[in-house]
There are 2 protein chains.
Amino acid sequence: MRTLIRNFFICVVVTIISASVILEDYERNRNSLLEEENVHALGGKLQLDSEEAILNKILKQLKEAEVDESFKNPNRFNFSKHYFTYRDEISNSKVYQIIKRMPKGGALHVHGTLMLGADYLLNLTYQDHLYTCYTDDVFELQFSDAIPQRHCPVKWTLLTELRRVSDDVKAFDAAIKQHFTIYSEAQEDIDIIWERFEKACYVIKSLILYRPVREKFLYDSLKRFYNDNVMYIELRSGLHSLYELDGTQHERMYMVKLYQNITKKFKQDYPDFIGIKLIVTKHRGSDIEQIRQTLDFARQIKREVPEMFAGFDLVGQEDKGKPLVDFLPALLEAKEEINFYFHCGETNWFGMATDENLVDAVLLGSKRIGHGYALTKHPTLMATVYKKGIAVEVNVLSNAVLSLVHDVRNHPLAVFLALDLPVVLSSDDPGVWGAEPLAHDFYISFVGVASKHADLRTLKQLALNSIKYSALDNNEKERSL
Amino acid sequence: MRTLIRNFFICVVVTIISASVILEDYERNRNSLLEEENVHALGGKLQLDSEEAILNKILKQLKEAEVDESFKNPNRFNFSKHYFTYRDEISNSKVYQIIKRMPKGGALHVHGTLMLGADYLLNLTYQDHLYTCYTDDVFELQFSDAIPQRHCPVKWTLLTELRRVSDDVKAFDAAIKQHFTIYSEAQEDIDIIWERFEKACYVIKSLILYRPVREKFLYDSLKRFYNDNVMYIELRSGLHSLYELDGTQHERMYMVKLYQNITKKFKQDYPDFIGIKLIVTKHRGSDIEQIRQTLDFARQIKREVPEMFAGFDLVGQEDKGKPLVDFLPALLEAKEEINFYFHCGETNWFGMATDENLVDAVLLGSKRIGHGYALTKHPTLMATVYKKGIAVEVNVLSNAVLSLVHDVRNHPLAVFLALDLPVVLSSDDPGVWGAEPLAHDFYISFVGVASKHADLRTLKQLALNSIKYSALDNNEKERSL
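Reading guide: rules and limits
Residues numbered from 1 in each chain as written. Chains lettered and ligands numbered in written order. Predicted model: local features only at pLDDT ≥ 70, side-chain atom pairs only at ≥ 80, totals over all residues. Heavy atoms only, no water. Helix = DSSP H or I, 4+ residues; strand = E, 2+ residues; numbered from the N terminus. Buried < 20%, exposed > 50% of the residue type's maximum accessible area, 1.4 Å probe, protein only. Contact = heavy atoms within 4.5 Å. Expected span 1.5 Å × (residues − 1). Pairing = 2+ DSSP bridges. Axes fitted to C-alpha atoms, helices over the stretch in contact; angles between N-to-C directions. Buried area = accessible area lost by both parts, 1.4 Å probe. Salt bridge = Lys/Arg side-chain N within 4 Å of Asp/Glu carboxyl O. Polar contact = N/O pair within 3.5 Å; in protein donor to acceptor, adjacent residues only side chain to side chain. Nonpolar A, V, L, I, M, F, W, Y, C, P; charged D, E, K, R; others polar.

Caption draft 1: Summary view of unusual backbone geometry. Positive phi, normally seen in glycine, also occurs at A:Leu239, with a value near 50°. For A:Leu239, the location among the structural elements is in the loop between strand E5 (232–237) and helix H10 (252–269). The phi dihedral of B:Asp420 is positive, around 55°, even though this residue is not glycine. Taking relative accessible area as the criterion, B:Asp420 reaches 21% and is therefore assigned partly exposed.

See below:
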């Protein structure tokens, strides 16, 4: 009987021990698998110094608290909803306040005319000599010392004058502001939102093609990005002709020089700002001859103002424009001289022409790819992008606002981060949706899209990537880092 | 001068020829890259026989026409919108009509009580002896030969009687139907839609726990799936106790036998139907002892009715329930005897417990994974799933309706297909959202999610996968194929 009891006890103890060994083994495997995921993710191999480690501890606690809070109480801060529903709450986030102050390196995917918001633009309309052709359907703007001669269904009037005679200046200004933004409560279908977006671009452009206004606009754009701790910008620009009050049109190279001069002035005022470079763009609705001419213009800039030149790109709603393959002869001719930074795969249409722009961007040797939203659907290309270090310029908020994705947690950036693809975060056109220059995109990517485990190393790697994959030369890169 | 002209011509001709050589080279590279993508995608290596090739040609033309049409005219058929906005149009699609008639193999992720729609369930409420406790907030159902004794804030009344005295039978029935579906025009937030979903599940269950009704319900479920060309089903079921009119409760094993008998009867009527197997489920809100008991019950089924048994799973809204890791001791004990088919990663919360259920499902040796929606965020796990042949049970419509994803083109299935992960398509709870048993999921996956280039081989491979990765034994699989 005693032996029996002893054996029984031994049996129970052995069972408990072996169960706990199994459990321990399991947990070891589990932890090492999770750790492997962290190490292989973007930033996972970075070492933090002791100061950074302290900050990281605080940041992680704050982030976990925010994620847990929004998990428990989705009414409070809900990434499944449209950005506009929580945009104005972001500044209350402690994580955001840290990110705001953090150095972010460069913004490599920004359109030059869309860096400042509706309030700023409204202010510009208080300037003298601004005529408008303004009806329910039309809103044209032109600075001029005499009544513009272009067609207008009503008559051209000074905007200041219209405002003066309006019953309600506040309502008048609110209506004007509407033309400078695509802010709206509803998530709209992609074609509708793009139509509104392109209208806003048109109006904004017409306001800032006036030379003195553009000078101010550019300086203030740099200032705003600088205040967001962005130290370097690669601007996509069509480099259209600027005009003077008397109607004089400048040649296009004038704009390049203007960019150069204003940046020089800005750097005198803020010596730690690194600078800007230009990516010359052409609308993808163009014909191949227009593309050739723009490429020639790009060559000219590269020859005459090399320090300002980054490369070439095509712009406009990708689904509606011509695919890269339509311009192959011109692009292949220029390939050895001009660096490409192609928008590609900014689409949900898998297997269609826009989607396959990804293939052409890679085959044409694009230095980076703009958006690359559809890239996860192309594993072969993902492997190439990884191997060759072709950075993906990710603009989460742009993709959300322009209706590619509703819940940002479904943004493919999550996959890119997990795979440690060479990602840079940018903001595309933050002015048009009232985002901060880069801090909103960083915040939402970090708290909304990335893993809960992603920490300071992710943020640091993203900032480092923005220098590493920039068009800066090696000396400039070293100085910047 | 002549030499000059000749040289000039030679130069031009050489330039043209070398440009065309470059272009040809480029196009060769491009085509081979695109072809490589196709070959590596799910189904890409399948050979079609000559009859299939003819069908494929037709199918491809029809599909391309539909995709192009919806690209050009997004108001017509728009995958960026909610499924409910186009659900009733799907039957007009020619591609759908082909898919509807196509053999689809098995449906491996279906909840046993949610296979039939609101119209069918409404019809059941016309049966005798159905009492209801019905107020604005409460809707309870119970078949009984006497007034039920359970609490009811009003009084239990025969539903047929309530209907008889109602002013408007149509409105009365419409109101009843509302309880059996989560159909609604708006996309709702995940927690809200899950609350409605779980309410519907509760009401439906209370209707079909009555033994004779359940017999009919099961037979008719099989019939409906069979008519959709589904030849085999793995049913997830909690195997609750059925009751009789006099209140007698059957033991739970009775339900297993009922499944067996009804399936036998169905196979007599439709001999080409392969059969069903059961995945025993327990709610993930349970405690570990309840899980142990269910696992014991699973062992009993495996022992007593092995041909009906597939394995074990946990159910309920994953984000709100306990993670797998909470049940580790019980699951590790059962691991060698019981096959697991775990729901996991049915979430948008990257790096949180639900997301990490993916890790545990894989480490616990789950034979397949249910949903695996978050899998693309875990490249290491994806590689394991691929290597080990752990099939992913994808339910696109379920994920759309239950608010994980808005635009189905953002569903990770697109990535799974591109990577040739072992995918099986299923429909989860088609009755609750009024979908066809499997044809809607197949159609939307094929036309909405997969590449435009995906063709009959994709569909065929998906059907083959549903047998290959089923719980059928090798003999059964061979017969089925």
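Still more to cover.
Caption draft 2: Region of interest: the environment of A:Val315. Residue and element names in this part refer to chain A. Tracing the backbone shows Val-315 in strand E7 (residues 309–315). Among the residues examined, Val-315 registers a relative accessible area of 14% and is labelled buried. In the structure, Val-315 is positioned 86 residues away from Val-401 in sequence and 17 Å away in space, judged by C-alpha atoms. Other than its neighbours up to four places away in sequence, Val-315 contacts His-111, Thr-281, Lys-282, His-283, Arg-284 and His-343.

Caption draft 3: Fine view of helix H10 (residues 252–269) of chain B. Residues and elements named next belong to chain B. Its 18 residues place the ends of H10 27 Å apart at the C-alpha level, agreeing with the 26 Å of an ideal helix rising 1.5 Å per residue. Among all positions of H10, only Met-253, Met-255, Val-256, Leu-258, Tyr-259, Gln-260, Ile-262, Thr-263 and Phe-266 are buried. Looking at the packing, one finds that the buried side of H10 touches helix H9 (211–227), strand E5 (232–237), strand E6 (275–283) and helix H11 (288–304).

Caption draft 4: Structural detail: the sheet that holds E7(A). Residue and element names in this part refer to chain A. The sheet built from 4 strands is open, its strands ordered E1-E5-E6-E7 with parallel pairing. At either end of the open sheet lies a strand with only one pairing partner, and these are strand E1 (106–111) and E7. The average angle at which neighbouring strand axes cross in this sheet is 25°, direction not considered. Along the sheet face, helix H11 (residues 288–304) touches strand E6 (275–283) and E7 and points at about 165° away from the line of E6.

Caption draft 5: Just the interface of chain A and chain B, in detail. On the chain B side, the residues contacting the 58 residues of chain A number 58 residues. Taken together, both faces of the contact between chain A and chain B bury some 5300 Å²; the carbon and sulfur share is 62%. When the shortest N-O distance is used, the salt bridge between B:Asp189 and A:Lys81 registers 3.4 Å. The interface formed by chain A and chain B includes 26 residue pairs in polar contact (both at pLDDT 80 or more). Where the side of chain A that touches chain B is concerned, the elements lending two or more residues are helix H1 (2–40), helix H2 (50–72), helix H12 (328–334), helix H13 (353–363), helix H14 (379–388) and helix H16 (413–418) of chain A. Among the elements that take part in the side of chain A that touches chain B, H1(A) stands out by supplying 10 residues, more than any other. A per-class count over the side of chain A that touches chain B returns 29 nonpolar, 13 polar and 16 charged.

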